[in-house]
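# Fold and contact review
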Amino acid sequence: MRLPNGLIGFAALAVLTLYALLVALETEGWATPYLTLFNLAGKWVVVAVLAVLTLLALVSVWKGSQVRTAPARPSPPAPVAAVPVAAVTPAPPARKSGVMPVVSPERIARALRGQPENGSKANRMAGAEAGAKPASPAKPAKPPQKMLPFRGKDSVSVRLVPQVPITFGDGGAGWLAGAARLPPGMPWPVIDGEALQLLAQIDCTQLPPGLWGGLGPRQGWLAVFLGPRSYRPHVVHFHEAGTLQRTPAMPSGSYILGSGAVPAFPRWPVDLIAVPAGQEAPRREGANHGMKRLFAQSWDVTESRFLPFDWPSAQRMMELAATSPAVQETGALKKLQNLKAAADTMAASVPFSGVVMDLILAEMRAVAWPNPVSTHPAGEGGQSAGLPFTSHDPAAPGWQRDYVLYLQERAKHAYADNPDSLPEEFLADCEELWKEQAADGVAGMGHVPWARLRDFDESEDITLLELPSSTLMNWRFGDGKNLLLTMKASQLANGKFGAVDVQVI
């Protein structure tokens, strides 16, 4: 508040006057100068003079406080032509080019948390760049006790559908397992000495806007890892993806590996399919039975659909055949061991050749083995039929079954790395089987968990990723259930992935 002109002087004069009066009238011993003046002019004359001075000071102060600049008299208004309403509407303040604010997921997250628009340093800096006067830091509003419901009519979930046939190489919307493209310089994640396995890497630019109610990143990459024995999760969001790094070898005693025919998961590309809320998802319930049907039939590993396609698959075939318990009954153990040694020697010196494999398989097929429980007709003399050592009999499965399981897993890895690496006739049969397996291996993001959870609150929790046990991927969770990774929506809004919950449901 501004003090009136002369008020300080008036106050000093009033105090002095009061003091002089008190001294003159009550404490004469303290004021010798005033007593002298009183003796010359008289006490009441001095009092009168001081009273007049006080009155003049009061009048001066009052007049000074009343002085104001008189407003100018307005001139008569001039005639105004009719102007369209749009022309007189105040124009918005101009913005600098290239600084138009963007409604980002972080901005939406702040709105959901009830925080003011200018509550962060980033927003204040953005406003300063746009030419606006920086607002003073405001204390964030206290977040509500519960997140506002974000599962509106525009919310969607996402299905990760393995591609069969595979249509892209290193690009695309993302992939399951096998290898990761981490930022340059970032080491492979390890927790307490345990190298983690990649579950999925997703291109966030491919995620639909309505996923997770608009929360979460829409730029960069999201990589989800899991400890193969500890089941400890690790989720990373980053913007720059480096070169492809293979997932470390699966340790012994892994709790997420399936058949174990190949101790690794293939890197399998996926299509991201948005599923509007309330619509049926492209996902089939129940395990496929393709391999069960195959093992219920009679076939021979020398058929084209079971032939080795590289030296590792050929060497594994020789190893299983030479170590089969049934070979002890044939008397051909030495022969099979020699064939395996020949395959090992050629694998180290010459490229794989189908012609060479035909010669090896012809030698194996010439070995017969008696099968007392075989359903094949008996031979001469009523003896059980001698089947080729390469034949699979559903009534007495042998090494052929283990070989086909390995061959399938080996083929998936080769196919996922290069879809053109497999022989066409062999690939045609594989793809028919893999399509069925892919339908049972569809993963999901942003949906209500497929198995209802009592502690899942749709207004506070989100499904980051749900993976079913999959024959295609060769991963198995629990006794064939689903792996579910969830987190709080508030943490997703803040970009905090350090508190992800893992359950097998």
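Please refer to the structure higher up on the page.
So, here is what we can say about the structure in this document. All values reported here derive from a predicted model rather than from experimental measurement.

A count of helical and extended segments in the protein gives 13 helices and 18 strands. Across the 505 residues of the protein, 41% fall into the buried class. The long-range fraction of contacts in the protein, counting pairs at least 24 apart against all pairs at least 6 apart in sequence, stands at 66%.

This part is about the side chain of Glu431. With respect to the secondary-structure elements, Glu431 resides in helix H12 (residues 424-440). Although Glu431 is buried, it forms no salt bridge, and the closest oppositely charged side chain is Lys435 at an N-O distance of 5.7 Å. Contact partners of Glu431, with chain neighbours within four places excluded, come to Val164, Pro165 and Tyr415.

To continue, consider the packing of helix H8 (residues 311-322) against helix H10 (residues 354-365). Relative orientation of the contacting elements H8 and H10 amounts to 10 degrees, with a least axis distance of 12 Å. Classified by the angle their axes make, H8 and H10 are roughly parallel. Contact with H8, carried on its side by Trp311, Ala314, Met317, Met318 and Ala321, involves Val356, Met357, Ile360, Leu361 and Met364 of H10 and no other residues of that element. Per-class residue counts for the contact of H8 with H10 are 10 nonpolar, no polar and no charged.

Turning to the nonpolar core, a few remarks are in order. Counting residues in hydrophobic clusters, the biggest one holds 87 residues, and the most contacted among them are Leu160, Trp212 and Trp434. Sorting elements by how many residues they give to this core places helix H11 (residues 399-417) first, with 8 residues. In terms of nonpolar packing, the next biggest core, distinct from the first, is built from 13 residues, Ala180, Ile191, Phe225 and Phe238 among them.

Across its 12 residues, H10 extends 16 Å between first and last C-alpha, which sits within 8% of the 16 Å expected from 1.5 Å per residue. Of all the residues in H10, the buried ones are Met357, Ile360, Leu361 and Met364. The buried residues of H10 occupy an angular sector of 100 degrees when projected down its axis, which confines them to one face. Of the exposed residues in H10, those oriented more than 90 degrees away from the buried face are Val355 and Leu359. For H10, the elements touching its buried residues are H8, helix H9 (333-349) and H11.

Calculation criteria
Residues numbered from 1 in each chain as written. Predicted model: local features only at pLDDT ≥ 70, side-chain atom pairs only at ≥ 80, totals over all residues. Heavy atoms only, no water. Helix = DSSP H or I, 4+ residues; strand = E, 2+ residues; numbered from the N terminus. Buried < 20%, exposed > 50% of the residue type's maximum accessible area, 1.4 Å probe, protein only. Contact = heavy atoms within 4.5 Å. Lys, Arg positive; Asp, Glu negative; His and termini not counted. Salt bridge = Lys/Arg side-chain N within 4 Å of Asp/Glu carboxyl O. Axes fitted to C-alpha atoms, helices over the stretch in contact; angles between N-to-C directions. Parallel < 35°, antiparallel > 145°, perpendicular 65-115°, else oblique. Nonpolar A, V, L, I, M, F, W, Y, C, P; charged D, E, K, R; others polar. Core = buried A, V, L, I, M, F, W, Y, C linked by side-chain atoms within 4.5 Å. Expected span 1.5 Å × (residues − 1). Arc of directions from axis to C-beta.

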